[in-house]
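# Structural overview
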Amino acid sequence: MPDFQKDLEALNRIPAPLLRWYDAGARVLPWRSDPQPYYVWLSEIMLQQTRVEAATPYFERFIAELPSIADLAAAPEEQLLKLWEGLGYYNRVRNLQKAAQVVTDRYGGQLPADFEALLALPGIGRYSAGAIASIAFGLPVPAVDGNVLRVLSRVLESPEDIGREETKKAMGAALEQVLPRTRPGDFNQALMELGAMVCLPNGAPRCGACPLQDQCLAYRSGTTGSYPRKAPKKARRMQERTVFLLVRDGLVAVQKRPASGLLRGLWELPGTDGFLSQDEARSYLAGQGLFPTGPLRDAGKAKHIFTHVEWRMRGWAAPVQSEAPGLTFATPDRIFDELCLPSAFRAYTGQIKAFVKEFTDADS
Ligand code: SF4
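Residues numbered from 1 in each chain as written. Predicted model: local features only at pLDDT ≥ 70, side-chain atom pairs only at ≥ 80, totals over all residues. Heavy atoms only, no water.

### Concerning the packing of helix H2 (residues 15-25) against helix H13 (residues 184-197)
One can describe the packing of H2 onto H13 by two numbers: an axis separation of 9 Å at closest approach and a directional angle of 75 degrees. Of the possible angle classes, the one that applies to H2 and H13 is roughly perpendicular. Side by side, H2 and H13 meet where Pro 15, Leu 18, Leu 19, Trp 21 and Tyr 22 of the first sit next to Asp 186, Phe 187, Gln 189, Ala 190, Leu 191, Glu 193 and Leu 194 of the second. A breakdown of the residues in the contact of H2 with H13 according to their chemical character gives nine nonpolar, one polar and two charged. (Axes fitted to C-alpha atoms, helices over the stretch in contact; angles between N-to-C directions. Helix = DSSP H or I, 4+ residues; strand = E, 2+ residues; numbered from the N terminus. Parallel < 35°, antiparallel > 145°, perpendicular 65-115°, else oblique. Contact = heavy atoms within 4.5 Å. Nonpolar A, V, L, I, M, F, W, Y, C, P; charged D, E, K, R; others polar.)

This is the structure:
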């Protein structure tokens, strides 16, 4: 078990310069200007895999449509998924809603001001519970994410693997002892901000702009490129897919993905495993009862990276006249305005309007 108790003296030297730096130039963000618990919670969940610049418009749209936890609890799933479209990791928004329903039933629509009670809610782990408890309620608990671990690994020249849950826990236990009791939320946000803006990943920290230069062992010994330590990730599995843009009478075929597994329950363009040639694609479609009324058009290649798998895709577009079980033919407006198609298909959804026009013009 990693132990950072020996580093308490070094950690104790961080809060004062860090908070001075934060006070002088923290970014103005909507959930900081109005840190009500719902906003802090939502922003922390959105920011788990997304940069602030990308998450901010999503956040603003989300709270405009669902201004309270009760609204979130009662929202139809299709609306929720649409609000999340493009952020990925759709389980996060499903868990947000489950937690909102618990909060509505059990706590009268207000998040509990208690770390353990927050931790017990669906989709809220130690990091999110710490962030909400400290930022929204001023409770002295740490919030240790990848940014924080990277900064502290460099400051302490820590040899511990930051990918291990034990390292995170031990760092949290040590930080809890040095958190400034009067400003725990600001301290946590300042550490996250430093990791996001200055102590950047991939060996590229901007040490010249860092308030912790004097405290940072890696900076002093010129070893910033060697920290943080992290075991290499397992290689992703490659999966080849063929994606179809099928157009009938100005409508485009979409289907729901299965209720379990990757992108569960979301809409998608129909497709199949493998990298099909034009002839193979035509045979595959015929096997589904779909007979293109014209030549298949090449919609190009694309790839999309998920956490554990990478899709290598090729696309074929075709005008069809037939139906096939499981397919829904929808207008492009409905696809863009109402249905949630994950960004994995962006290379092809971006061509929908052009192919609809081409195949419709050809018919007329
Ligand atoms: S001095 Fe450099 S390596 Fe050390 S915490 Fe600051 S930015 Fe990171």
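That shown, we press on.
### Let's talk about the domain arrangement of the protein
Taken domain by domain, the protein comprises domain 1 (5-226) and domain 2 (237-363). Each of domain 1 and domain 2 was reduced to a C-alpha centroid, and the two centroids are 38 Å apart. Listed by partner, the interface residues are nine residues for domain 1 and 17 residues for domain 2. For the pair domain 1 and domain 2, the two sides together bury roughly 970 Å², of which 43% comes from carbon and sulfur. Of all residues in domain 1, the largest losses of buried area upon contact with domain 2 belong to Glu 78, Lys 82 and Tyr 90, amounting jointly to 48% of the total for that side. (Domains from an automatic or database assignment. Buried area = accessible area lost by both parts, 1.4 Å probe.)

### Some thoughts on the confidence of the model for the protein
Of the residues in the protein, 99% reach a pLDDT of 70 or more, and the chain-wide mean stands at 94. Averaged pLDDT values over the elements of the protein bottom out at 87 in helix H18 (residues 352-363) and peak at 98 in helix H6 (residues 69-74). (pLDDT = per-residue confidence, 0-100.)

### Looking at the environment of Glu 116
Looking at the secondary structure, you find Glu 116 in helix H9 (residues 115-119). Classification of Glu 116 by relative accessible area gives exposed; the value is 52%. Taking the C-alpha atoms as reference, Glu 116 lies 9.6 Å from Ala 133; in sequence the two are 17 residues apart. (Buried < 20%, exposed > 50% of the residue type's maximum accessible area, 1.4 Å probe, protein only.)

### Observations concerning the pattern of salt bridges
Taken as a whole and judged by the stated rule, the model has 20 salt bridges. Between Lys 6 and Asp 7 there is a salt bridge, with its nearest N and O atoms 3.3 Å apart. For Lys 6, a relative accessible area of 66% gives the class exposed. A residue is classified by how much of its surface remains accessible, and Asp 7, at 13% relative accessible area, is buried. Between Arg 51 and Glu 53 there is a salt bridge whose closest N-O contact spans 3.4 Å. Through salt bridges with shared partners, a single network forms among Arg 27, Arg 32, Arg 51, Glu 53 and Glu 193. (Salt bridge = Lys/Arg side-chain N within 4 Å of Asp/Glu carboxyl O.)

### Considerations on the site of the ligand
As a structural note, the neighbourhood of the ligand is formed by Arg 154, Val 155, Val 198, Cys 199, Pro 205, Cys 207, Cys 210, Cys 216, Tyr 219 and Thr 224. Looking at the shell around the ligand residue by residue, the class counts come to eight nonpolar, one polar and one charged. (Near = heavy atom within 4 Å.)

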